[in-house]
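An overview of the molecular structure
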Amino acid sequence: MKTQEIFKWNIQKEEASDSLRFYEPKDKNVLDLGCGRWGGVADPNEYTPIFAYNRGAKVVVGVDDRSDEKPFYESYFAQNFPESISYFYTLSIQTPEQVKELIEKHDINYIKSDIEGYETVFLSFSKEDLKNIDTFVLEYHSFDIKNSFINKFEEWGYEIYANGEAWIPGIGVLFARKIN
């Protein structure tokens, strides 16, 4: 089997168009874990749930642990994308069961995870748990976590096709797609 070349770049800013430049959720049901807005990003089109919708996501399910995110996104989507299908939750992801429930409830097939170190909840997932997930976008928060997911993606039957690295050592994003 031919090894896929991994596109690598240095993330220069928090905007989704830079940090998630390979984010292609067209016609997908997206689970956006860690969808919160961050300081320094002024354009709402750069917030990940809006970015996903603008890139053709069929369903956007946003989850963040900050209580002001759910009402913001519900209002924004109602005003700007009234025909969209979207759901927003105030929830701190700390267990695999929380994620599995969201995947099943919303028929998720595309995951974007930026949950500040709690991404390790996925390490107990089996290939079967991710059977419907075509693409997995993971922000990692240490080199150890990155290396663990490089191995897990292979175990789950995914290939990593892009890796952006932030200006802070050990923080970056992996893009993986299912190959078998």
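It should be emphasised that the depicted structure is a prediction, and the values quoted were computed from it without experimental measurement.

To continue, consider the pairing of strand β7 (residues 158-165). Within β7, 7 of the 8 residues are buried, leaving the element largely enclosed by the surrounding structure. The sheet contact formed by strand β1 (residues 7-10) and β7 spans 4 bridges and is parallel. Paired with asparagine 10 across the strands is glutamate 165, a residue of β7. Connecting the antiparallel pair β7 and strand β8 (residues 172-178) is a turn made up of 6 residues, with glycine 170 showing a positive phi of about 90°.

Once that is clear, we can look at the nonpolar core. Judged by nonpolar contacts, the single largest core of 28 residues is most densely connected at Leu31, Phe122, Phe136 and Phe153. Considering each element in turn, this core owes the most residues, 4 residues, to helix α5 (residues 143-156). Among all residues touching phenylalanine 153, those that are not within four sequence positions of it are Phe136, Leu138, Tyr158, Ile160, Leu174 and Ala176.

For helix α3 (residues 69-80), which comprises 12 residues, the first-to-last C-alpha distance of 16 Å matches the rise-based estimate of 16 Å (1.5 Å per residue) to within 8%. Listed as buried for α3 are Glu69, Tyr73, Tyr76 and Phe77. Seen from one end, α3 has its buried residues packed into an arc of 95°, which puts them on one side. Of the residues in α3, the exposed ones pointing more than 90 degrees away from the buried face are Ala78 and Gln79. Contacts made by the buried residues of α3 are with α2 (48-54), β3 (59-64) and β4 (85-90).

The buried count for β8 comes to 5 of 7 residues, which makes it a mostly enclosed element. Alignment of strand β6 (residues 135-140) against β8, held across 6 bridges, turns out to be antiparallel. Bridging across to β8, tyrosine 140 finds its partner in glycine 172. Bridging between β7 and β8 involves 7 bridges; their strand directions are antiparallel. In the sheet register, tyrosine 158 faces β8, and the bridge partner there is lysine 178.

To continue, consider the sheet that holds β3. If you trace the 8 strands from one edge of the open sheet to the other, you get β1-β7-β8-β6-β5-β2-β3-β4, paired in mixed fashion. A strand with exactly one partner marks an edge of an open sheet, and here the two such strands are β1 and β4. Across this sheet, the average inter-strand angle for adjacent strands is 15°, counted without regard to direction. As judged from the 6 bridges shared by β3 and β4, these two strands associate in the parallel manner. By the bridge assignment for β4, valine 59 is matched with isoleucine 85. In this fold α3 packs onto β3 and β4, with an angle of close to 165° to the strand it touches most, β4. Where helix α4 (residues 96-105) meets the sheet, it contacts β2 (29-33), β3, β4 and β5 (110-113), and its direction lies at approximately 155° from that of β2.

Procedures and definitions
- Residues numbered from 1 in each chain as written.
- Predicted model: local features only at pLDDT ≥ 70, side-chain atom pairs only at ≥ 80, totals over all residues.
- Heavy atoms only, no water.
- Buried < 20%, exposed > 50% of the residue type's maximum accessible area, 1.4 Å probe, protein only.
- Helix = DSSP H or I, 4+ residues; strand = E, 2+ residues; numbered from the N terminus.
- Pairing = 2+ DSSP bridges.
- Core = buried A, V, L, I, M, F, W, Y, C linked by side-chain atoms within 4.5 Å.
- Contact = heavy atoms within 4.5 Å.
- Expected span 1.5 Å × (residues − 1).
- Arc of directions from axis to C-beta.
- Axes fitted to C-alpha atoms, helices over the stretch in contact; angles between N-to-C directions.

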